[in-house]
Amino acid sequence: MNHLKRFLPFFQFKHVNHQIFVLMILTITIPLLILSVMIYMFSIQSAKKEYQNSSNLILNNLSFNFDQYLQSIEMGALTAQMDSKLQNALENWQGDDSERDYVQILEYENAIEHFISTIEITIENVDSVQIYIGDHVFYSTLKKSVYDVSNLTNEEWYKQTIEQKGRIVLFGTHQPFNRVNSNESVISIARVINKNGSRQPLGVLLIDIRLDSLRNILNLSENHNRNFVILDPLGSVIYASDLDQIDSNMTFKPAIQPFLSDSNKESGNFYAPVDGVNSFFNFVTSPYSDWTVIQYIEEQEMTKHAEMLRKVILGLAFFSIGMAMLFMVILYIRVTEPIIFLSRQVKIIGRGKFDVNLTSKRQDEFGGLYQGISKMVTDIQDYIERSSVLKAQQKLAHYRALKSQINPHFLANALESIQMKAVLNKQRDIAEMIGVLGQLFRINIQSGKETITLEEELTHIRLYIQVQQMRFGDKIQYVENLAPTSESIRLLHFSLQPLVENGIVHGLERKYGAGILEVSSIFSGQDMLITVSDNGVGIDEEQLQYLKNRLAQSSSTLTEEHIGLKNVHDQIRYYFGDQYGIEIDSSLGVGTTVTIRIPARP
């Protein structure tokens, strides 16, 4: 901190134009350079993210296309179960040769070879189709090849196929099984042909597929920047767009197998070097074929557009420095000098002199500023005059408020005198009524708080009920039904008295016979509900709807007989919030219930 204070005098310029010049360099050039770095980094990440999303989409589509192609081959292989002629030929071919003549043998061979030819025609890029029956193999006559099946039952692919008992078995890139002198790699699908409706094996179907089918699918997505590799479950290469990355053992040279093993997912991405260049890899594994399709690209190829953006942004940053110098010349003429003049005028106003000349012919912001300050000076003068008048009015209002307190004191004292007179004249009922009424006046005089507890408010209500019971006798019965601990909740002073008064005046007085007035309280979540209910004459539906509408309005006026109700509602909402207030429910001839909702805070 001390080192910083030593450098501060160097930046405390006397003239504002010098300060603006330094601030221009600090607030434009440096932030622009920082912004350039941030935008560059963001662009790098955005470019990578966009490429990753597009790569994932491409890989998913490729994997789907592979699965569709392999499934179409599988469907062709399934037809062996449905071809009755093939089933008959395979079943009878394994019979006793002594029971067959030459014509039958030809018929069986033709049926088998016809099925093989059909598969070759219907499935694209099929290299050959073979059906193995015991130590005999049938294959397409279009493929002139020699097959060695002398050790067929010991072949690994044959064992795997037999073990699956009719389920499809997929073999990755390999030299054709049992084919002599073949150097063209294929992928194969094999399955046992069972007798229709049973698990009795009749033969083994093997379909060899040329790798051209994979190239045709991948050619739709390959370009000079993207490269693809397809690996089988053992990590052997089925297909690679860049043959230089494949060694003699048909394995991928870059060490990516640990990344694939660590992911344990059907899809993912990672970075790994390819010929010493960091590259982005993403992969997806097909749940059908269990092949892993990998796509990779050099990292710098992913972000080459961001590199161009970085150069453009840096160029703009240095260009801004030159523009800042030109801007300073214009700034001094158009901004700095007017600010200096305005500063002098403001100092004069600060000394209490309002006779300043702030007229200006400029139509820009400075012209508006001059006019605004000139208006402000006028407003200040008017405010000073209004403040003097307001202070005088406040003193008068305070005097009137003090004077208005004399009446309750006078009435309370007068009631006490009348009570003493009634006692002397042995008018105990009148004396008791006047005494209770005097207590009510005393409560009004002594309570200067905005909120009181429910218990304090009920003390006032009980005195008021006592006065009414002295007046009406047994016609009015009063009941309290309070939730535990609700007496300590605070509410607005005199918020229940108008409701109780309305219940008596508009409900019970008009009722024939005795009536009940009940005050109850319950907790509802974080709120407390206080209800004042009576079983008086009630309110008709039209009048009730009118009262509800008036309570919902912002107007503070109601009919004369319900102005206290509206006043309590508005005070509660003003003090506690708009979600609180009063609700009314009534039925003609049944009674009326008024509910107050307030927060349950002690």
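The coordinates are above.
A.B. asks: Explanation requested: the overall build of the chain in the structure shown.
C.D. replies: Each helix and strand counted, the chain has 16 helices and 17 strands in total. Residues classed as buried in the chain amount to 39% of the 602 residues present. Excluding contacts between residues fewer than 6 apart, the proportion of contacts in the chain whose partners are at least 24 apart in sequence is 60%. Carbon together with sulfur atoms contributes 55% to the accessible area of the chain, which is approximately 35,600 Å² in total.

A.B. asks: Help me understand the packing of aromatic side chains in this model?
C.D. replies: A ring pair, where both rings are aromatic, is described by two values, the distance of the centres and the angle of the planes. For the coordinates displayed, the defined rule picks out eleven aromatic pairs. Centroid distance Phe-252 to Tyr-296: 5.7 Å. Interplanar angle 55°. Geometry classified as tilted. In this pair, Phe-252 sits in the loop between strand E7 (237–240) and helix H7 (257–263) while Tyr-296 sits in strand E10 (residues 292–298), placing the two residues 44 residues apart along the sequence. Site record: aromatic cluster; members linked through ring pairs are Tyr-132, Trp-157, Tyr-158, Phe-171 and Phe-177.

A.B. asks: Is there a simple way to explain the environment of Gly-591 in this structure?
C.D. replies: With respect to the helices and strands, the residue Gly-591 is situated in strand E17 (residues 591–599). A sequence separation of 74 residues divides Gly-591 from Leu-517, and the C-alpha atoms of the two residues are 9.9 Å apart. Here Gly-591 is in contact with Asp-534, Asn-535, Gly-536, Gly-538, Asp-585 and Ser-586, once residues within four sequence places are set aside.

A.B. asks: Looking at this structure, I do not really get the nonpolar core. What am I missing?
C.D. replies: Buried together is how nonpolar side chains tend to be arranged in soluble globular proteins. Core analysis: the largest hydrophobic core is formed by 42 residues, its most contacted members being Ile-112, Ile-131, Ile-207 and Ile-230. Top contributing element to this core by residue count: helix H2 (residues 16–82), with eight residues. Leaving out residues up to four positions away in the same chain, Ile-230 has contacts with Phe-66, Leu-214, Leu-218, Ser-236, Val-237, Ile-238, Tyr-239, Trp-291, Thr-292 and Val-293. Core analysis: the second largest hydrophobic core is formed by 33 residues, Ile-489, Leu-491, Leu-496 and Leu-544 among them.

A.B. asks: Got a minute to help me understand the sheet that holds strand E1 (residues 126–133) in this structure?
C.D. replies: In a beta sheet, neighbouring strands are held together by backbone hydrogen bonds and run either parallel or antiparallel to one another. Pairing is antiparallel in the open sheet, where five strands are placed in the order E2-E1-E5-E4-E3. In the strand order of this sheet, the two ends are held by strand E2 (136–139) and strand E3 (169–174), each with one partner. Neighbour-to-neighbour, the strand axes of the sheet open up by a mean angle of 20°, direction not taken into account. Lying on the sheet, helix H4 (residues 102–122) is in contact with E1, E2 and strand E5 (201–210); it crosses E1 at an angle near 150°.

A.B. asks: Could you clarify how one ought to interpret the side chain of Glu-457 in this entry?
C.D. replies: Summarising the element assignment, Glu-457 is placed in helix H13 (residues 454–472). Although Glu-457 lies buried, it forms no salt bridge, and the closest oppositely charged side chain, Arg-490, sits 10 Å away as judged by the N-O distance. If sequence neighbours within four positions are ignored, Glu-457 has contacts with Ile-452, Leu-491, Leu-492, His-493, Phe-494, Ser-495, Leu-496 and Gln-497.

A.B. asks: Just to check I follow, could you spell out the pairing of strand E6 (residues 227–231) for this structure?
C.D. replies: The side chains of a regular strand alternate between the sheet's two faces. Burial within E6 is extensive, with five of its five residues counted as buried. In terms of strand pairing, E6 meets E10 through five bridges, oriented antiparallel. Bridge pairing in E10 links Val-229 to Ile-294. In terms of strand pairing, E6 meets E7 through three bridges, oriented antiparallel. Along E7, the bridge assignment pairs Val-229 with Ala-240. Count of turn residues in the E6/E7 antiparallel hairpin: five residues, of which Gly-235 carries a positive phi of about 90°.

A.B. asks: Before we go on, may I ask you to explain helix H15 (residues 541–552) in this structure?
C.D. replies: What sets the pattern is the α-helix's 3.6 residues per turn: residues three or four places apart point alike. With twelve residues, H15 should reach 16 Å at 1.5 Å per residue; the first-to-last C-alpha distance of 17 Å fits that figure. Of all the residues in H15, the buried ones are Leu-544, Leu-547, Arg-550 and Leu-551. For H15, the arc enclosing every buried residue in end-on projection is 130°, short of the 170-degree limit, so these residues lie on one face. Facing away from the buried side of H15, by more than 90 degrees, are the exposed residues Glu-541, Glu-542 and Ala-552. Where H15 begins, one side-chain oxygen reaches toward the backbone nitrogen of Glu-542, 3.2 Å away; that side chain belongs to Asp-540.

A.B. asks: In this structure, what is going on with unusual backbone geometry? I would like to understand it.
C.D. replies: Trans is the common state for peptide bonds, and a negative phi is the common state for residues other than glycine. Unusually for a residue other than glycine, Lys-165 sits at a positive phi of about 55°. Counting through the fold element by element, Lys-165 comes out in the loop between helix H5 (156–164) and E3. Judged by relative accessible area, which is 55%, Lys-165 ranks as exposed.

Conventions we followed
Numbering of residues starts from 1 in each chain and follows the order in which that chain's sequence is written. Given that the model is predicted, a residue must reach a pLDDT of at least 70 before its local features are reported, and side-chain atom pairs must reach 80 or more before they are shown or counted; all residues, however, enter totals for whole chains, interfaces and linings. With hydrogens and water stripped out, all remaining heavy atoms of the structure feed into the side-chain values. Helix numbering and strand numbering both begin at the N terminus, where a helix is a DSSP run of H or I of at least 4 residues and a strand a DSSP run of E of at least 2. Three labels apply to residues, based on accessible area from a 1.4 Å probe with only protein chains included: buried if under 20% of the type maximum, exposed if over 50%, partly exposed otherwise in between. Contacts are assigned to residue pairs that have any heavy atoms within 4.5 Å of one another. Accessible areas in this description were obtained via Shrake-Rupley with a 1.4 Å probe; residue shielding takes into account the shown protein chains only. Each aromatic pair joins two rings of Phe, Tyr and Trp (for Trp, the six-membered one) with centres within 6.5 Å, and gets the label stacked for planes under 30 degrees apart, edge-to-face for over 60, and tilted for any other angle. To qualify as a nonpolar core, a set must consist of buried Ala, Val, Leu, Ile, Met, Phe, Trp, Tyr and Cys residues joined through side-chain atoms within 4.5 Å. Should DSSP find at least two bridges between two strands, the strands are regarded as paired. Each axis is a line fitted through C-alpha atoms, taken for helices only over the stretch in contact, and angles between the N-to-C directions span 0 to 180 degrees. The sign given to each residue is positive for Lys and Arg and negative for Asp and Glu; His and the chain ends receive no count. Think of a salt bridge as a Lys or Arg side-chain nitrogen and an Asp or Glu carboxyl oxygen that are within 4 Å of each other. Every helix has an expected span of 1.5 Å times one less than the residues it contains. Note that the arc is computed from the directions linking the helix axis to the C-beta atoms. Pairing of N or O atoms within 3.5 Å defines a polar contact, subject to two protein rules: one partner must be a possible hydrogen donor and the other a possible acceptor, and residues neighboring in sequence count only if both atoms are side-chain atoms.

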